[in-house]
Amino acid sequence: MGVIEKKILGALLILANDDMEVKATFRDIAKIIGYKEVGGAMTFAIKLLEINNYINVLGKGKYKVLV
């Protein structure tokens, strides 16, 4: 797992509710990890987290953390 994936997973854990579900935009996630802009690296990192079964993307701006 790369640095960006770790940062995003950490941000999702911070934003998660008791059921480990997250409702957040890319801009919310970027703000937590210290990024000024949303870009392709974040999109790719989200896809890698989903492929490696760390998260499920439930819809636009909705995630479920599986860790």
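Cut-offs applied
Residues numbered from 1 in each chain as written. Predicted model: local features only at pLDDT ≥ 70, side-chain atom pairs only at ≥ 80, totals over all residues. Heavy atoms only, no water. Helix = DSSP H or I, 4+ residues; strand = E, 2+ residues; numbered from the N terminus. Rg over C-alpha atoms; globule rule 2.2 N^0.38 Å. Buried < 20%, exposed > 50% of the residue type's maximum accessible area, 1.4 Å probe, protein only. Expected span 1.5 Å × (residues − 1). Contact = heavy atoms within 4.5 Å. Core = buried A, V, L, I, M, F, W, Y, C linked by side-chain atoms within 4.5 Å. Pairing = 2+ DSSP bridges. Axes fitted to C-alpha atoms, helices over the stretch in contact; angles between N-to-C directions.

**Description of the overall build of the protein**
Part 1 of the reasoning: Scanning the protein from terminus to terminus reveals three helices and three strands.
Part 2 of the reasoning: Counted from the first residue to the last, the protein has its helices and strands arranged as α-β-α-α-β-β.
Part 3 of the reasoning: Relative to a compact globule of 67 residues, whose C-alpha radius of gyration would be 11 Å, the protein shows 11 Å and is just as compact.
Part 4 of the reasoning: In terms of overall dimensions, the protein has a C-alpha envelope of 30 × 20 × 20 Å along the principal axes.
Part 5 of the reasoning: For the protein, buried positions account for 28% of its 67 residues.

**Here we look at helix α3 (residues 40–51)**
Part 1 of the reasoning: Its twelve residues give α3 an end-to-end C-alpha distance of 16 Å, which sits within 8% of 16 Å, the value for a rise of 1.5 Å per residue.
Part 2 of the reasoning: Each element contacted by the buried residues of α3 is listed here: α1 (3–15), α2 (26–33), β2 (55–59) and β3 (62–65).

**Details of the nonpolar core**
Part 1 of the reasoning: In terms of nonpolar packing, the biggest core is built from 17 residues, with Ile 8, Leu 12, Val 22, Ile 29, Ile 55, Tyr 63 and Val 65 touching the most fellow members.
Part 2 of the reasoning: Among the secondary structure elements, those contributing two or more residues to this core are α1, α2, α3 and β3.
Part 3 of the reasoning: Other than its neighbours up to four places away in sequence, Ile 55 contacts Leu 9, Leu 12, Ile 46, Leu 49, Glu 50, Tyr 63, Lys 64, Val 65 and Leu 66.

**Some points on the sheet that holds β2**
Part 1 of the reasoning: One open sheet holds the three strands; their spatial order is β1-β3-β2, and the pairing between them is antiparallel. Strands with a single pairing partner mark the edges of an open sheet, and in this sheet they are β1 (21–23) and β2. Direction aside, the axes of adjacent strands within the sheet are offset by 25 degrees on average.
Part 2 of the reasoning: As paired strands, β1 and β3 are joined by three bridges and run antiparallel to one another. Residue pairing for β3: Val 22 is matched across the bridge by Tyr 63.
Part 3 of the reasoning: Its contacts with the sheet place α1 against β1, β2 and β3, and it is angled at close to 95 degrees to β3.

So far we have only geometry, and geometry alone does not tell us how the molecule works.
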